[in-house]
Amino acid sequence: MGRTALIKLRPRRYKKGDLVRVDSVIMHPMHTGLVKDKKTGKIIPAHYINKVEVYYGGELVTSIDVNASVSANPFFSFYIKADKKAPLKIVWKDNKGEVTEKTVKIKPH
Amino acid sequence: MNRRNFLKMTAVAGAVVAVSPAVPLGLEAKAQPKKRSFEEALKEITKGKKPVESQKVKLIAPSIAENGAVVPVKVEVVEPIENVKAIHIMADKNFDPWTCSVHLTPQNGKPYFSTRIRLAKTMNVYAIAELKDGSFIMAKKPVKVTIGGCG
């Protein structure tokens, strides 16, 4: 639960059954395991997000397999059909077992 | 310090700088990141099938990226969402060409995905869409990178 994450819905007001774009960002260094630390000269060990899961009302809607070649502070954007009033939960998992969760409510007007 | 010594030292320093990038390459092979060729990575995703280039996959990426560490990529597939199972993004000359795979469901409403990726140098970016019948369609776009982003 440690990391800062942000979820934004576009557009902000939507009707039932509309397509809503979900923009998500998480603060993560995404070390590839190839870069050397400039001060110590040692290779920074790989530390990156490798799985993102999106749940809408408890149901797995989208899952993203991620490799280290995604930029630092990864941004993912996708659509969702807002046809029910339910929470949208995004779970980020990294290769060291760290898990971050963030939930937003989807309530169509 | 006289001129002779100075020249000697710069030559040595230059040699050290030139050699040092070659040293960690051997170490990297043993560490967990694995270098793969594009064909190998593609085979793992498509399981031997050949993706067909198609106008139905729309890949939006800048033709010139100033910073290879952050290259925005947007993929849209002109197909009903029920027909699209997954979208894969690849970059052929990266250390590991496979970048990410998105598995979609009909609840998504629209086969669309956007993210930001790293590119080590100038190369082609591929968007491969996996359809329901098991076939693959793809689009590619060359991206020119001025500063590489994979370290």
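Rules and cut-offs
- Residues numbered from 1 in each chain as written.
- Chains lettered and ligands numbered in written order.
- Predicted model: local features only at pLDDT ≥ 70, side-chain atom pairs only at ≥ 80, totals over all residues.
- Heavy atoms only, no water.
- Helix = DSSP H or I, 4+ residues; strand = E, 2+ residues; numbered from the N terminus.
- Contact = heavy atoms within 4.5 Å.
- Buried area = accessible area lost by both parts, 1.4 Å probe.
- Salt bridge = Lys/Arg side-chain N within 4 Å of Asp/Glu carboxyl O.
- Nonpolar A, V, L, I, M, F, W, Y, C, P; charged D, E, K, R; others polar.
- Pairing = 2+ DSSP bridges.
- Core = buried A, V, L, I, M, F, W, Y, C linked by side-chain atoms within 4.5 Å.
- Buried < 20%, exposed > 50% of the residue type's maximum accessible area, 1.4 Å probe, protein only.

Under an unreviewed UniProt entry, the name given to chain B is Thiosulfate oxidation carrier protein SoxY, and the source organism is Persephonella atlantica.

Draft legend 1. A look at the environment of A:Ile64. As for its position among the elements, A:Ile64 is in strand β4 (residues 59-66). Residue contacts for A:Ile64: discarding those within four places in its chain leaves A:Asn50, A:Lys51, A:Val52, A:Phe76, B:Ser101, B:Val102 and B:Phe113.

Draft legend 2. Layout of the interface of chain B and chain A. Listed per partner, the contact involves 31 residues of chain B and 34 residues of chain A. Summing both sides of the interface, chain B and chain A together bury roughly 2800 Å²; the carbon and sulfur share of this comes to 52%. The interface formed by chain B and chain A contains 0 salt bridges. Contributions of two or more residues to the side of chain B that touches chain A are made by α2 (22-30), β6 (98-103) and β7 (112-117) of chain B. Counted by class, the side of chain B that touches chain A contains 14 nonpolar, 12 polar and 5 charged residues. Where strand β5 (residues 75-82) of chain A meets β7(B), 3 bridges bridge the pair, whose relative direction is antiparallel. Bridging across to β7(B), A:Ser77 finds its partner in B:Ser114.

Draft legend 3. Region of the structure containing the pairing of strand β2 (residues 18-26) of chain A. Residues and elements named next belong to chain A. Examined bridge by bridge, strand β1 (residues 5-10) and β2 share 6 bridges and lie antiparallel to one another. Of the residues in β2, the one forming a bridge with Ile 7 is Ser 24. In this sheet, β5 lies alongside β2 in antiparallel orientation, the contact comprising 8 bridges. The residue bridging Ser 24 from the neighbouring strand is Phe 76, located in β5.

Draft legend 4. Region of the structure containing the nonpolar core. Core analysis: the largest hydrophobic core is formed by 57 residues, its most contacted members being A:Trp92 and B:Leu119. Top contributing element to this core by residue count: strand β8 (residues 123-131) of chain B, with 5 residues.

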